[in-house]
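Below, each chain spelled out in residue letters.
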Amino acid sequence: MSTTIDVPESSSHNVSKGKAATIVAPKRPGGWKKGVAIMDLIVRLGTLGSTIGAISIMATADQTLPFFNQFVQFEASYDSFSALQFFVVTLALVCGYLVLSLPISIVAIVRPHAPGPRIFLIILDTIFLTLASSAAAAAAAIVYLAHNGEQDPNWIAICNQYGTFCMETSEGVVIAFLAVVSFIIMIITNTLALGKH
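Residues numbered from 1 in each chain as written. Predicted model: local features only at pLDDT ≥ 70, side-chain atom pairs only at ≥ 80, totals over all residues. Heavy atoms only, no water.

A. How the structure looks around the packing of aromatic side chains. Applying the stated criterion across every chain, the model contains 2 aromatic pairs. Ring plane angle 20 degrees and centroid distance 5.9 Å describe the contact between phenylalanine 81 and phenylalanine 165, whose orientation is recorded as stacked. Separated by 84 residues along the polypeptide, phenylalanine 81 in the loop between strand E2 (73–77) and helix H2 (82–110) and phenylalanine 165 in helix H4 (residues 163–193) bring together distant segments of the chain. Pairing tyrosine 97 with phenylalanine 128 gives two aromatic rings, centres 4.3 Å apart and planes at 5 degrees, and the pair type is stacked. You can see tyrosine 97 sitting in helix H2 and its partner phenylalanine 128 sitting in helix H3 (residues 115–148), a full 31 residues away along the chain. (Phe/Tyr/Trp six-rings, centres within 6.5 Å; stacked < 30°, edge-to-face > 60°. Helix = DSSP H or I, 4+ residues; strand = E, 2+ residues; numbered from the N terminus.)

B. How the structure looks around the packing of helix H1 (residues 32–59) against H2. Orientation of H1 relative to H2, taken along the N-to-C sense of each, is 160 degrees, at an axis distance of 9 Å. It follows that H1 is roughly antiparallel to H2 by the angle criterion. For the element pair H1 and H2, the recorded crossing hand is left-handed. (Axes fitted to C-alpha atoms, helices over the stretch in contact; angles between N-to-C directions. Parallel < 35°, antiparallel > 145°, perpendicular 65-115°, else oblique. Left-handed = near helix turned anticlockwise from the far one by under 90°.)

And the structure:
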């Protein structure tokens, strides 16, 4: 049993002899949305690094001053101030969220046109932006009081005596505000990537 297939010859006006047909590759999916997703992952990793840095600087900020002798000493550390404790705990939560959000950011790279991961990231980034900014603001208020004091209730500035402690806590607050700015950048870029164009 044999099967024959008749193939008609192509006409001479469609394809000229000796020339190959041009094959056009389809456009690669993703485009600029994939680039935005990659930028989101890079900024997310930078934010993770800055929150880890702010936590480590604030948690290790410690200075001890002798009063009269070595047996009577005054100590300033982050756990002496409840606002600085709030700062460390809240930024630890933000840091945990950033680690858990990395796979979702990778999904946004693999599927750049899927709106689900981006919407999820926008909602959670907004929540954790609020937490990070409130922690940074609370710590900034305490650091401001430590540097300048307050005249009305007679709170004196402690940074004259605890210079190292104040410098380290100020560094932690500045780094935390860098993380807040990074969150704002992530929210804006993910929102722009949800657009149709």
